[in-house]
Amino acid sequence: MGSEVEEPNPTTQTPNAHSHPETTSFSPPRKVQNNALTTEKHANNGHVTVTPTLSIVQPHSLLPKPVPPTTSSRNDVVSSKFGNFLRQRRDDLSSAIGKGISTLKHSIDDKKDDILKKKQNDAVTEFNLAGLKVVVTVKNGASFSRISFFSRSNCRECCARERELRERAGSVTVPKIFFGERLIGGLVELNALRKDGGEELERRLREVAGEGPAAPAYGFDEAGEEEVVEEEEVRVVRVLRQRLPIQDRLMKMKIARNCFAGSELVELLVRHHGYSPAKAVEIGKQLCKKHFIHHVFGENDFEEGNHFYRFLEHEPFISKCFNFRGATNDSEPKAAAAVYDRLTKIMCAILESYASEDRRHVDYVAISKSEEFRRYINMTQDLQRVNLLELSENETLAFFLNLYNAMVVHAIIRVGCQEGVINRRSFSDFQYLIGGHPYSLSTIKNGILRSNRRSPYSLIKPFGTGDRRLEHALVKMNPLVHFGLCNGTKSSPKVRFFSPYRVAEELRCAAREFFENDGIEVDLEKRTIHLTPIFKWYSADFGQERNILKWIINYLDANKAGLLTHLLGDGGHVNISYMSFDWSVNS
């Protein structure tokens, strides 16, 4: 049997004239035999017999024409992708080179313009700061005049400046601004001159043109200081830190952490530096005196033998000190008075910029973002090994009063206040490294300023008998210190800073201002005196209640003093009540 093929039905209908010319109907194909598709011709009779054959059907004109498949090898595809990658890299490289050349050209043009401008005007001073470019130009035909700004910095020249201000303005209220010798007023008057485009300000400046000396040259802080020369102790300490066997040791049934023996220090100095044993011991004593090293139990300065010492940075309390930033300040300790003066000036500048005029409200958020506060943080590192024994009694009083108020500002910024209320415990523990020892807000207030007295509701004194910090405590306690300390709350006295030359007078002024505002209220009808709870908490500093009232009269204004004197003088009973203390932050 032959193979079968499919053949279109011969009865395929041809489209008629009335149908669409492109519509064709097909019948299903039928199967036929190949051997039936033959042609036979009979010669005898001349007849030709034709059997049915297959007819070839052409595809319709609307159907897509078949396209023969293209043969492509895998190598051609890979070659094409690699070529595209090379072209892309070439374009990117060309673009980068073009941009670099363009940027370099603009930079050269800018430098040429700057040089040209500088040649054209030599009176232009340019300051290049990180992220900021300030250009100060001098107007044509302008001349300098002296502009004086009076504010309170509590420095040693304040007395002389105050007399000068009283002579020139008739009062000592600050701030005061002078153009030449003419009084402008305060900041409010200055801002008023700047209205309407500053025309009035320009007019005032033209009127005083030429008065006073030329403007001072721009400079940096402490530009006149001499170059610091590295001391011998500093070089020795660096070697000792690297070579001494620092480890935990057992002494008197106690474990001393991160320490070394005094004999090991002496041996190292003799062997590696060539010092005599006596010289090595003397160097050890100097290192203790300058607070590079301390005895682990504070028993002695330095002795050769089986005594254990540790470096200042290895003290257990060091990590809790907020003026310690990973390493101690190894430079030669600055004079305590100089450190105090610098810290006071920067904090006064901070208050003038970020506190209300009456100093009862402080913008701590703005302070935390200011350049002045960053400078203050850097300055506090000078406190680490400062020699407090150089200070007199008044200098010690002013030093720790100012340091307490500055540390409170730092504590509010660093520790924060939950829901705007001071956390008394965390604030009391906020501490600095000062003179080789830790000083918290609590130890400064109760140990130094209150002459080592117990804090409220405490059973022990801040400093024990052998505590080295005890020698810095004030000999005589002055109860007025309570009105010079601001703990950052709304009910506390306002924040201020003191001068060592006028600290007693300034404390009296602080007490008067505190009682003028809300420190005391006199209810004549109920014969009741409402006092701040400070008198209750620190009653040991002020004495008995009736004696407190007599003492307060010295710091009251005439009205309140008259009322209180009347109540105390008529022989009747006087009630004393204490106000509630608002621990909200004074922001």
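Thresholds, definitions, all that
Residues numbered from 1 in each chain as written. Predicted model: local features only at pLDDT ≥ 70, side-chain atom pairs only at ≥ 80, totals over all residues. Heavy atoms only, no water. Helix = DSSP H or I, 4+ residues; strand = E, 2+ residues; numbered from the N terminus. Expected span 1.5 Å × (residues − 1). Buried < 20%, exposed > 50% of the residue type's maximum accessible area, 1.4 Å probe, protein only. Contact = heavy atoms within 4.5 Å. Pairing = 2+ DSSP bridges. Axes fitted to C-alpha atoms, helices over the stretch in contact; angles between N-to-C directions. Phe/Tyr/Trp six-rings, centres within 6.5 Å; stacked < 30°, edge-to-face > 60°. Lys NZ or Arg CZ within 6 Å of the ring centre and 35° of its normal. Parallel < 35°, antiparallel > 145°, perpendicular 65-115°, else oblique. Left-handed = near helix turned anticlockwise from the far one by under 90°. Salt bridge = Lys/Arg side-chain N within 4 Å of Asp/Glu carboxyl O. Nonpolar A, V, L, I, M, F, W, Y, C, P; charged D, E, K, R; others polar. pLDDT = per-residue confidence, 0-100.

Draft legend 1. Structural context of helix α8 (residues 336-354). Here α8 contains 19 residues, and its C-alpha end-to-end distance of 27 Å stays within 8% of the 27 Å for a straight helix at 1.5 Å per residue. Within α8 the residues assigned to the buried category are Ala336, Val339, Tyr340, Leu343, Thr344, Ile346, Met347, Cys348, Ile350 and Leu351. Turning to α8, the residues buried within the fold contact α9 (364-368), α10 (371-379) and α11 (393-414).

Draft legend 2. Here's a closer look at the side chain of asparagine 405. Counting through the fold element by element, asparagine 405 comes out in helix α11. Take asparagine 405: its relative accessible area is 1%, and that puts it in the buried class. With near-sequence residues (within four places) excluded, asparagine 405 lies in contact with Gly484, Leu485, Cys486, Val495, Arg496, Phe497 and Phe498.

Draft legend 3. Structural context of the sheet that holds strand β16 (residues 520-523). Pairing in this open sheet of three strands is mixed, and the strands run β16-β17-β18 from one edge to the other. Edge positions in the sheet fall to β16 and β18 (575-578), since each has one partner strand and no second. Across the sheet, the mean angle separating the axes of adjacent strands is 20° when strand polarity is ignored. Examined bridge by bridge, β16 and strand β17 (residues 528-531) share four bridges and lie antiparallel to one another. The residue of β17 that forms the bridge with isoleucine 520 is leucine 531. Strand contacts of helix α17 (residues 545-553): β16, β17 and β18, with the helix running at about 80° to β17, the strand carrying the most contacts.

Draft legend 4. Focus on the pairing of strand β9 (residues 182-185). Here three bridges tie strand β8 (residues 176-179) to β9, and the two strands are oriented antiparallel to one another. By the bridge assignment, phenylalanine 178 is partnered in β9 with leucine 183. The antiparallel hairpin formed by β8 and β9 contains two residues in its connecting segment, where glycine 180 sits at a positive phi of about 65°.

Draft legend 5. Local environment of the sheet that holds strand β11 (residues 254-261). Spatially, four strands are ordered β10-β11-β13-β12 in an open sheet, and the strand pairing comes out antiparallel. A strand with exactly one partner marks an edge of an open sheet, and here the two such strands are β10 (247-251) and β12 (293-295). Averaged over all adjacent pairs, the angle separating strand axes in this sheet is 55°, with direction ignored. Of the strand pairs in this sheet, β12 and strand β13 (residues 308-311) are connected by three bridges, and their pairing is antiparallel. Within the sheet, the bridge partner assigned to histidine 294 lies in β13 and is arginine 310. Across the sheet, helix α6 (residues 262-273) lies against β10, β11, β12 and β13, angled at about 10° from β11, the strand it touches most.

Draft legend 6. Main features of the packing of aromatic side chains. The full count for this structure, using the stated rule, is 22 aromatic pairs. Of the aromatic side chains, those joined through ring pairs into one cluster are Phe483, Phe514, Phe515, Phe535, Phe542, Trp551 and Tyr555. Note that arginine 385 overlies the ring of phenylalanine 292, its terminal NZ or CZ placed 4.0 Å from the centroid.

Draft legend 7. Here's a closer look at the packing of helix α5 (residues 232-243) against α6. Their axes nearest at 11 Å, the elements α5 and α6 cross at an angle of 110°. Taken together, α5 and α6 sit at an angle that is classed as roughly perpendicular. Note on packing geometry: the crossing formed by α5 with α6 is right-handed. Of the residues in α6, those in contact with Val236, Val239, Leu240 and Arg243 of α5 are Leu265, Leu268, Leu269, His272 and His273.

Draft legend 8. Up close: the pattern of salt bridges. Scanning the model with the defined rule gives 19 salt bridges in all. Glutamate 267 is the partner of arginine 271 in a salt bridge, and the nearest nitrogen-oxygen pair spans 3.0 Å. One end of the pair, arginine 271, and the other, glutamate 267, are both in helix α6, four residues apart, so they sit about a helical turn from each other. The exposure class of arginine 271 is exposed, given its relative accessible area of 51%. Accessibility expressed as a relative area gives 48% for glutamate 267, which makes it partly exposed.

Draft legend 9. Here's a closer look at the packing of α8 against α10. Where α8 contacts α10, the axes come no closer than 10 Å and their chain directions differ by 160°. Between α8 and α10, the crossing angle belongs to the class labelled roughly antiparallel. Like other packed secondary-structure pairs, α8 and α10 cross with a definite hand, here left-handed. Where α8 abuts α10, its residues Arg342, Leu343, Ile346, Met347, Ile350, Ser353 and Tyr354 lie against Glu372, Phe373, Arg375, Tyr376 and Met379. In terms of residue class, the contact of α8 with α10 is made up of eight nonpolar, one polar and three charged.

Draft legend 10. Here's a closer look at the confidence of the model for the chain. On average, residues of the chain score 77 in pLDDT, and 71% of them are at 70 or above. In the model of the chain, strand β1 (residues 4-7) stands out as the element of lowest mean pLDDT, 41, in contrast to helix α13 (residues 441-449), which has the highest, 95. In the model, residues 1-48 has pLDDT below 50 throughout and makes 51 contacts with residues more than four positions away in sequence or in other chains. Note on residues 213-229: pLDDT under 50 across the span, and seven contacts to partners over four residues away in sequence or across chains.

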